[in-house]
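# Notes for the structure review
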Amino acid sequence: MTARIIDGKAFAADVRARVADHVARLKEEQGITPGLAVVLVGDDPASQVYVRSKGKQTVEVGMASFEHGLPADTSEEELLKLVAELNADPAVHGILVQLPLPPHLDEALVINAISPEKDVDGFHISNVGKLATGQKAMVPCTPLGCLMLLRDVHGSLSGLDAVVVGRSNIVGKPMAQLLLRDSCTVTIAHSRTRNLPEVCRRAEILVAAVGRPEMIPGDWIRPGATVIDVGINRVPAPERGEGKSRLVGDVHFESAVEVAGAITPVPGGVGPMTIACLLANTLTACCRIHGLPEPEGLTA
Ligand code: GUN
């Protein structure tokens, strides 16, 4: 059997189109333009690429984009002052502080200074707690994107055995919470898990979020399982020419695609969903702040 390839690029385009539709209606009927502020401290090239891409897509769906680039030696006080200004700015409905921050800045302190209702990353301790206790929360973008893809494949996830490999605060833990909320039986596996191949083979849903290139081979996958590969790893590709590289996931795609029922490719799977969900979260935050109905199918 060859797995169905889950087209995250097309799905993300559909999410953006639905966001754009809703934004157009908000503008027309309420005179409200959702706004997203992105804060980048320092000049990490990978972060600059992400931030530019976020800004471009924000404008494309009709939202206002506010980009704040601060020098690498920005003090905590200055950064907290900017966050306070954005919290108070009625044109801003979503605030994202790009991580990682330079080492002299306390990430937890800065993230928890963001107003929870504008925390479109879902990293604020209040949103983490709300997600864990089943209250209405802002949900981290990458796990939200994975959940949308899984719901699209399965319809209901109720009762399914799900294994999340990776326990990060950004992906693994919130992913597990979301799957639990959709009534999966959830296992979180990690670098110390014993018999990892065996644990993975139990999964009807396998989410790989470890950041280790092609770590999960096809023979760790239960036949027919849905495999969501969150990993984006750049590896050398000498076959493409000297100094060339390519992107691979945490799953060994070529062997996994022969066993799985459905699988996300890298690139073109989960990756494009993250920014699409950031836009969806910004729209959701805007609706909640204004006491308006939330967009359907774009929240957890
Ligand atoms: N850096 C890498 N991924 C992310 C993300 O999802 N949010 C933020 N704020 N920073 C990141």
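In this section: the overall build of the protein chain. Counting its regular elements, the protein chain contains ten helices and eleven strands. A compact globule built from 300 residues would reach a C-alpha radius of gyration of about 19 Å, and the protein chain, at 19 Å, matches this within 12%. Overall size of the protein chain, expressed as C-alpha extent along the three principal axes, is 50 × 45 × 35 Å. Taking all 300 residues of the protein chain together, the buried fraction comes to 47%. Pairs at least 24 residues apart make up 68% of the contacts formed inside the protein chain by residues separated by at least 6 positions. Here the protein chain displays about 13,700 Å² of accessible surface, and carbon together with sulfur accounts for 52% of that area. With 28 positive and 35 negative side-chain charges, the protein chain shows a spacing of 4 Å between the two charge centroids.

Right, let's talk about the pattern of salt bridges for a bit. The tally for this structure, following the rule as stated, stands at ten salt bridges. Between Asp 152 and Arg 4 there is a salt bridge, and its shortest N-O distance comes to 3.5 Å. Highlighted residues: Asp 152 in helix 6 (residues 141–154) and Arg 4 in strand 1 (residues 4–5), separated in sequence by 148 residues. According to the relative accessible area criterion, Arg 4 is partly exposed, its value standing at 40%. Note that Arg 288 is salt-bridged to Glu 294, the shortest N-O span being 2.7 Å. Put simply, Lys 136, Arg 288 and Glu 294 are held in one network by salt bridges that share partners.

Here we come to the nonpolar core. In a soluble, globular protein the nonpolar side chains are often hidden away together inside. Core analysis: the biggest nonpolar cluster contains 56 residues, and Val 15, Val 19, Leu 179 and Ile 228 have the highest contact counts within it. Among the elements that make up this core, the one with the highest residue count is helix 10 (residues 271–289) (ten residues). Leave out the neighbours within four places in its chain, and Ile 228 touches Ile 6, Cys 146, Leu 149, Leu 150, Leu 206, Val 207, Ala 208, Thr 264 and Val 270. By size, the runner-up hydrophobic cluster in this structure holds 21 residues, among which are Leu 196, Trp 220, Ala 225 and Val 227.

What follows is about the packing of helix 2 (residues 45–60) against helix 10. Across the interface, helix 2 lies against helix 10 with an axial gap of 10 Å and an inter-helix angle of 50 degrees. By the angle class used here, helix 2 and helix 10 are oblique. The handedness of the crossing between helix 2 and helix 10 is right-handed. Mapping the contact onto sequence places Tyr 50, Ser 53, Lys 54, Gln 57 and Thr 58 in helix 2 and Ile 275, Leu 278 and Leu 279 in helix 10. The residue inventory of the contact of helix 2 with helix 10, partitioned by class, reads four nonpolar, three polar and one charged.

Burial within strand 2 (residues 35–41) is extensive, with seven of its seven residues counted as buried. A two-sided burial pattern is seen for strand 2, the buried positions comprising Gly 35, Ala 37, Val 39 and Val 41 on one face and Leu 36, Val 38 and Leu 40 on the other. Read from strand 2 through helix 2 to strand 3 (residues 64–70), the crossover connection turns out right-handed.

The rules behind the values
Throughout this description, residue numbers start from 1 for each chain and increase along the sequence as written. In view of the model being predicted, local features appear only for residues whose pLDDT reaches at least 70, and side-chain atom pairs are presented and counted only at 80 or more, with totals across whole chains, interfaces and linings using the full set of residues. To obtain the side-chain values, all non-hydrogen atoms of the structure were included, while hydrogens and water were left out. Helix numbering and strand numbering both begin at the N terminus, where a helix is a DSSP run of H or I of at least 4 residues and a strand a DSSP run of E of at least 2. Atoms considered for the radius of gyration are the C-alpha atoms alone. The globule rule reads 2.2 Å times the number of residues to the power 0.38. Burial classes follow relative accessibility: with a 1.4 Å probe on protein chains only, a residue under 20% of its type's maximum area counts as buried, one over 50% as exposed, and anything between as partly exposed. The criterion used for residue contact is that any of the two residues' heavy atoms lie within 4.5 Å. For the area figures, the Shrake-Rupley method with a 1.4 Å probe applies, and any residue is considered shielded solely by the protein chains shown. Charge counting follows a simple rule: Lys and Arg are positive, Asp and Glu are negative, and His as well as the terminal groups are ignored. Note on charges: their place is set at NZ of Lys, CZ of Arg, CG of Asp or CD of Glu. One speaks of a salt bridge when a side-chain nitrogen belonging to Lys or Arg is within 4 Å of a carboxyl oxygen belonging to Asp or Glu. Among the buried residues, those of types Ala, Val, Leu, Ile, Met, Phe, Trp, Tyr and Cys that are joined through side-chain atoms within 4.5 Å form a nonpolar core. Where helices are involved, their axes are fitted lines through C-alpha atoms of the stretch in contact, as for all axes, and angles between N-to-C directions lie from 0 to 180°. Note that the term roughly parallel is reserved for angles under 35 degrees, roughly antiparallel for angles over 145, roughly perpendicular for angles of 65 to 115, and oblique for everything else. Whether a crossing is left-handed or right-handed is set by the direction in which the near helix is turned from the far one by less than a right angle, anticlockwise for left-handed and clockwise for right-handed. Residue type decides the class: Asp, Glu, Lys and Arg count as charged, Ala, Val, Leu, Ile, Met, Phe, Trp, Tyr, Cys and Pro as nonpolar, and the leftover types, Gly among them, as polar. With the strands pointing away from the viewer, any crossover whose connection runs clockwise from the first strand over the helix to the second is right-handed.

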